[in-house]
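Listed below, chain by chain, are the residues.
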Amino acid sequence: MHTISYPNWAQERLSLSRGFTSIEPRRTALIAVDLQNGFLEPDSPFGIAGATAIVPGVNALAGRLRAAGGTIVFLRHTVSDDPRFALPDWLELHRPKLASSKHVFRKGSATHELHPAVDAREGDLIVDKHRYSAMPTTSSDLHEMLQSRGIDTLVVTGVATHACCESTARDAAMLNYKVIFTSDGTATYNDELQSWSLINLGMLFADISTMAEVEQRIG
């Protein structure tokens, strides 16, 4: 999907970030962020060109972790008028594109649904989130759901890398989760955004790995 480029100064730091050499499946959740029609269909105003290319790999990784006893979570970006989840007026004012997303990501719209190529199974969690990050209580109950299952490790996939994926990963790290962020299981609008996001995360917040490397670590 992306051609990733790291400057020389970042390469050594990123190699040091890869500390999670094994995965305990029953304490691990794969987080598939916003694999919805509104992001994966190219004719959507928020469509990410070519993003469907990551879906087969995400499906395969989910299948591997699911079979080993892990938890699979599919997040859906959602707009709501519920006072708990509604965006504040000032945020809509300063981020006009958020306001324009209201009709795209409302429950019941075709663009809100998971893309048909996504292999969600019975027993997987489908969680609606109402902010870029899924972790705050203003966004969803994901943190509580993961804690009730004894989850301490998250594998992040999905879209968009620099926004919902990165913000979810950062907040998860601050809540003491071990975060593995997949470099080829995430996608965004261009190679530069992908590379910068991976650098930001790898410096402080996450282990940056390919999906194949994650599969190898699943015991």
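Up top is the structure.
These numbers come from a predicted model, not from an experiment.

**Student:** Sorry if this is basic, but what is going on with the pattern of salt bridges here?
**Tutor:** If charged atoms from side chains of opposite charge come close, those side chains can pair. Under the definition given, this model contains 11 salt bridges. Ionic pairing is found between R66 and D124, a salt bridge with its closest N-O pair at 2.8 Å. One end of the pair, R66, is in helix α3 (residues 55–67); the other, D124, is in the loop between α5 (96–100) and β3 (125–129), with 58 residues separating them in the sequence. Judged by relative accessible area, R66 falls into the partly exposed class, the value being 21%. For D124, a relative accessible area of 14% corresponds to the buried category.

**Student:** Honestly, the sheet that holds β3 in this entry has me stumped. Any pointers?
**Tutor:** By way of backbone hydrogen bonds, the strands of a sheet pair with one another, either parallel or antiparallel. Spatially, β3-β2-β1-β4-β5-β6 is the arrangement adopted by the six strands of the open sheet, whose pairing is parallel. The open sheet terminates on both sides in strands that have one partner only, identified here as β3 and β6 (207–209). Shown here is a sheet whose adjacent strand axes are inclined to one another by a mean of 25°, direction ignored. The pairing of strand β5 (residues 178–187) with β6 spans three bridges and is parallel. Within β6, the position partnered with I180 by the bridge is D207. Contacts from α3 reach β1 (28–33), β2 (71–77), β4 (153–159) and β5 within the one sheet, and its direction differs from that of β1 by about 160°.

About the criteria used
Throughout this document, residue positions are counted from 1 along each chain, in the order its sequence is written. In keeping with the model being predicted, local features are shown solely for residues with a pLDDT of at least 70 and side-chain atom pairs are shown and tallied solely at 80 or more, while totals for entire chains, interfaces and linings include all residues. Only hydrogens and water are removed before side-chain values are computed, so all heavy atoms of the structure are retained for them. By definition here, a salt bridge exists when the distance from a side-chain nitrogen of Lys or Arg to a carboxyl oxygen of Asp or Glu is within 4 Å. Each helix is a run of DSSP H or I of at least 4 residues and each strand a run of E of at least 2, with the numbering of both proceeding from the N terminus. Throughout, exposure labels follow a simple rule: accessible area from a 1.4 Å probe, protein chains only, divided by the maximum for the residue type, with under 20% read as buried, over 50% as exposed, and the rest as partly exposed. Criterion used throughout: strands pair if DSSP finds at least two bridges between them. Lines fitted to the C-alpha atoms define the axes, with helices restricted to the stretch that makes contact. Angles between their N-to-C directions range from 0 to 180 degrees. In what follows, a contact means two residues having at least one pair of non-hydrogen atoms within 4.5 Å.

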